[in-house]
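Chain residues, written in single-letter form:
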Amino acid sequence: MFRNLLIADSGKGHVEEMVRMLRDIPAVRQARLNLLHVVSEQAGEDYAEHSQRAAGIAAEAVQRLGLNPSDVNTIIRQGDTKQTVLKVADELDADLIVMGSRGLGRLQSILSNSASQYVFQLSTRPMLLVRDDLYVRHINRVMVAVDGTGVGDDALQLACELVRDIPGGSLTGIHISRQDITPSRGGKTPADEVLDKAVQRARALGVELKPIHTTGDIGRGVCQAAEAHKADLLVIASQDRRPLVARSLVDIDRLLGSSVSDYIRVHAPAPVLLVREPEGRR
């Protein structure tokens, strides 16, 4: 499933632990690891010194992960972290971007120039965010947000492929309606139909999906369900993406808006794997 993982490592946080857990999953074990460390644009004439220090940090990370250095592609780049991560992900055709996050709210993200929030907002590739304040557990219980959309189906498929080969792994599908809807003559609500299709699709992929339906605020509901079911990983889909023409601008309206995925990014009790709708499908 995954061939190329891009790990944007700042030398701190729980990213390494997350990578270690991912390596235990058969679907990820054979993936190529690309470890990126970005040297600040402000390094100037001291670039060589900063680059050498970055190479040392990357080498220590490889050693802590217990990997053979020849199996890891270490990349040292100078530039703006946000733009560099996106650029390198495109160069590598990365299947997954793994980044740490301080879990800042939207306004804080703007004021602190958060790299992870920027990449989270703009990347069209699956991205795994690992907040610094979360305890990273072995991935056994995966929860996926089910919404019946095309990109939602992509998220469901990815979740199934992750869980399928995990011994004792389980997958829960959470669908949240903003309000209750009266069942049709067949006795099923639209939510029932969405979840039934998800169960069938998961079964076709070799996974039994436990369906859950609640009503209310979607972002809060997903986070509450993940907490209640002690999810180790939360997989969500998002069609919310900034247009290409605005990629060089600070999207304050979007960052301050009511984005469900952004709420989950900040408040989820587990690492969040975000699946975006591919550019060509829009």
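Refer to the preceding data block for the structure.
Attention here is on the structure that accompanies the text. Predicted model, so just to flag it, every value in this text is computed and none were measured.

## Re the overall build of the protein chain
Along its length, the protein chain carries eleven helices and ten strands. When the 282 residues of the protein chain are sorted by exposure, 50% land in the buried category. For the protein chain, long-range pairs separated by at least 24 residues make up 81% of all intrachain contacts whose partners lie at least 6 apart in sequence.

## Describing the sheet that holds strand E1 (residues 4-8)
A sheet is described by the order of its strands in space; here ten strands give the open sequence E3-E2-E1-E4-E5-E10-E9-E6-E7-E8, paired in mixed fashion. With partners counted over all chains shown, the strands left at the sheet margins are strand E3 (72-78) and strand E8 (209-215), one partner each. Between one strand axis and the next, the sheet turns by 20° as a mean value, whatever way the strands run. The pairing of strand E6 (residues 141-145) with strand E9 (residues 233-238) spans three bridges and is parallel. Looking at E9, one finds that Val144 is bridged to Val235.

## Remarks on the pairing of strand E7 (residues 170-177)
Burial within E7 is extensive, with seven of its eight residues counted as buried. As defined by bridge partners, E6 adjoins E7 across five bridges and the pair is classed as parallel. The partner of Arg141 across the bridge, within E7, is Ser170. Taking the sense of rotation as the criterion, the β-α-β connection linking E6, helix H7 (residues 150-163) and E7 turns out right-handed. Here E7 pairs with E8 via seven bridges, running parallel. Of the residues in E8, the one forming a bridge with Thr172 is Lys210.

Conventions we followed
- Residues numbered from 1 in each chain as written.
- Predicted model: local features only at pLDDT ≥ 70, side-chain atom pairs only at ≥ 80, totals over all residues.
- Heavy atoms only, no water.
- Helix = DSSP H or I, 4+ residues; strand = E, 2+ residues; numbered from the N terminus.
- Buried < 20%, exposed > 50% of the residue type's maximum accessible area, 1.4 Å probe, protein only.
- Contact = heavy atoms within 4.5 Å.
- Pairing = 2+ DSSP bridges.
- Axes fitted to C-alpha atoms, helices over the stretch in contact; angles between N-to-C directions.
- Right-handed = clockwise from strand over helix to strand, strands pointing away.

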